[in-house]
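Here are the chains, one letter per residue:
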Amino acid sequence: MVDTGSLLRRFLDYARIDTQSDPHSKSSPTTEKQWTLIRKLEAELREIGVDDVEVTDTGCVLGTLPATTSKANATKLVFLAHVDTATSCPGGAKPVVHRDYDGGPIRFADDPEQVLTAENTPGLAEKKGHDIVTASGGTLLGADDKAGIAIVMEAARILLARTDAPRGTVRVCFTPDEEVGRGADRIAVERLAADVGYTIDAQGVGAVDCETFSADRAVVRFHGVPAHPGWAKGVMVNALRLAADFVRSLPAEMSPERTEDREGFLHPDEVRGTAERAEVFLLLRDFEVDGLAAKRSLLEAEVARLREAEPRARIELEVTPQYRNMRYRLEKDARPVDYALEAIRRAGLEPLCRAVRGGTDGSRFTERGLPTPNLFAGYYDIHSPREWASLQDMAKAVETVVHLVRIWEERA
C-alpha cells in the first residue's frame, strides 16, 4: 500500500533543508529559512491534487482532501506536522541511508567518535533488516518532525488515489515553530475546519501519545548595579553572580536528569547576560496543573529570597503558559484515542497508549477545543546528532493514517 521509495525521497528532501527555529525571535516563522520548506510543501500539495491549498502570513500550510462519503455527519479530520527543528543542534542534515540494517554499529561519517549500537541505543536491535536513516554527524537529522511531514504527504497521496474507499473531509496542516512552543499559536483552531486532529510527531512505532506534560516557560531577569571593577567595593551588584546563586538554589532532585515516569521537573535551559544584567530561562513541567503551580511557587520563593538578600538589585520573574496535559480533554471523549489504537492494529502493530514526557502542538490544540492526540512517526533519539529513523516504521505510520481515515468514516 505504501510506496516506500516515494516516502524516503520526500523525507530526505525535507531533512536536507535547514529549518531550525529561534526562541528569541519575535517574527513568524521565527526564522526566515523555514519559508524554504513551507513553499516547497505548498507546491507539493498542489502537485498531488490537494484542494484549497494556502499558506497563511504566519507560515502555516493548509489543504483539503474533499469528502467522498455519502454520510452527511462524517467527522472532519486534520493531520498536522511541524516544519521546524529543535534548537539543541544545527539543522540542515546530510542524511545517510543504511539499507537492510545488519544489527552492527552505525557510524557517522562526519563524527567518527559517535556510534549507534544495540547496547547504547534502545530499540535499535529490533530494527535489523530495516532501512535506517541518520544524519552524517554534527547536525540533527530533522526526523522530528520531517518524518511526520513525509508521512502526512504520502498518506494524502494514497487517499486521493483511492477512489473506492469513502472518506470524510480530511485537512492537512504544517506549522512552523513547534519546537519553541508557538506552533499551535500560529493558527486559529477554527481555520483548521476539523472536528478531530492528529499530530504525527511521536517517537517510536505503534504509539499514541494520549497524555502530555503541562508546561510553562519562565524567565528570571537580574538587574545589577554596574561599577568599574577596580573601584567596585560596596558599589557593584553583579547580576551574573545573582543568576548563578539562583540556579544553584534550584532543587537538584527536580532536574530532568534526575526525574522519570510521572515526575515533573524544573529545568534552567539557558543563561544570558553580563555583570550588569542577566537572564535565566527555565522550563516548568508536570503532568498535573497543581504540580506545575507548585513549581511556580518555588521559583517565586527563590526570587523573594534573593530580593531580600540583595535589595539593591532588581529581580523580575515572568512565567508564560505553554500547554496543558491533553488528557484533561481526551478523557471526556475517548474516540480519538480508541480509533487511533484500532488503526494501529489494522496496520499490523501492537498499539501503545502512553503518557509522554513532553508536549506537542496537539497539547495546545486540545486545550483550545480540538482533541488532538499524537501519533508515532518512526523516529528515535531526537534533539541529538544521534537522531535516526526507520523507513519501515514510517511506512507503518502512513498505513495507520489511512486506516484511521477509514475508521472515522465507518463509525460515522
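Residues numbered from 1 in each chain as written. Predicted model: local features only at pLDDT ≥ 70, side-chain atom pairs only at ≥ 80, totals over all residues. Heavy atoms only, no water.

Glancing now at the packing of helix α1 (residues 4-15) against helix α3 (residues 143-161). At a closest axis distance of 9 Å, the pairing of α1 and α3 adopts a crossing angle of 140°. Taken as axis vectors, α1 and α3 run oblique relative to one another. Here α1 runs over α3; the crossing is right-handed. Contact with α1, carried on its side by Ser6, Leu7, Arg10, Phe11, Tyr14 and Ala15, involves Ala143, Lys146, Ala147, Ile149, Ala150, Ile151, Met153, Glu154 and Arg157 of α3 and no other residues of that element. (Axes fitted to C-alpha atoms, helices over the stretch in contact; angles between N-to-C directions. Helix = DSSP H or I, 4+ residues; strand = E, 2+ residues; numbered from the N terminus. Parallel < 35°, antiparallel > 145°, perpendicular 65-115°, else oblique. Left-handed = near helix turned anticlockwise from the far one by under 90°. Contact = heavy atoms within 4.5 Å.)

With that settled, consider the nonpolar core. The biggest cluster of nonpolar side chains holds 71 residues, and the ones touching the most others in it are Phe11, Phe79, Ile149, Phe174, Tyr198 and Leu404. Residue contacts for Tyr198: discarding those within four places in its chain leaves Leu77, Val78, Phe79, Leu80, Pro336, Tyr339, Ala340, Thr372, Pro373, Leu375, Leu404 and Trp408. Residues Ala278, Leu284, Val303 and Val319 belong to the second largest nonpolar core, which totals 21 residues. (Core = buried A, V, L, I, M, F, W, Y, C linked by side-chain atoms within 4.5 Å. Buried < 20%, exposed > 50% of the residue type's maximum accessible area, 1.4 Å probe, protein only.)

Moving on, we get to the pairing of strand β6 (residues 111-116). Two elements, strand β5 (residues 106-108) and β6, share three bridges in a ladder whose sense is antiparallel. Following the sheet pairing, Arg107 is matched in β6 by Val115. (Pairing = 2+ DSSP bridges.)

So, about the state of the cysteines. Applying the stated criterion across every chain yields a total of one disulfide. A sulfur-sulfur distance of 2.2 Å marks the disulfide that ties Cys210 to Cys353. What sets the handedness of the Cys210 and Cys353 disulfide is the S-S torsion sign, and at about 125° it is right-handed. Placement of Cys210 in strand β10 (residues 207-212) and of Cys353 in strand β15 (residues 352-356) is noted, with a sequence separation of 143 residues between them. Here Cys173 is not disulfide-linked; the sulfur of Cys60 is the nearest cysteine sulfur, at 5.0 Å. (Disulfide = S-S within 2.5 Å.)

Let us now look at helix α10 (residues 391-410). Here α10 spans 29 Å end to end across 20 residues, near enough to the 28 Å set by a 1.5 Å rise per residue. Here α10 starts with a cap whose side-chain oxygen sits 3.3 Å from the backbone nitrogen of Gln392, and that cap is Ser390. (Expected span 1.5 Å × (residues − 1). Polar contact = N/O pair within 3.5 Å; in protein donor to acceptor, adjacent residues only side chain to side chain.)

Look at the link from Ser28 to Pro29: it is a cis peptide, with omega at -5°. Put simply, Asp144 and Asp145 share a cis peptide bond, and its omega is 15°. Tracing the chain through its elements places Asp145 in helix α3. Here Asp100, not a glycine, exhibits a phi torsion of approximately 45°, which is positive. Examined against the element boundaries, Asp100 turns out to sit in the loop between β4 (96-98) and β5. One non-glycine residue with positive phi stands out, namely Ala193, at about 55°. What makes Ala193 partly exposed here is its relative accessible area of 39%.

Strand order in the open sheet formed by four strands is β12-β13-β11-β14, with antiparallel pairing between adjacent strands. A strand with exactly one partner marks an edge of an open sheet, and here the two such strands are β12 (265-273) and β14 (314-323). Adjacent strand axes in the sheet meet at a mean angle of 20° when their direction is disregarded. Two elements, β12 and strand β13 (residues 277-286), share eight bridges in a ladder whose sense is antiparallel. If you follow Leu266 over to β13, its bridge partner there is Leu284. Each of β11 (214-223), β12 and β13 is contacted by helix α5 (residues 239-249), which is oriented at about 20° to β13, the strand it contacts most.

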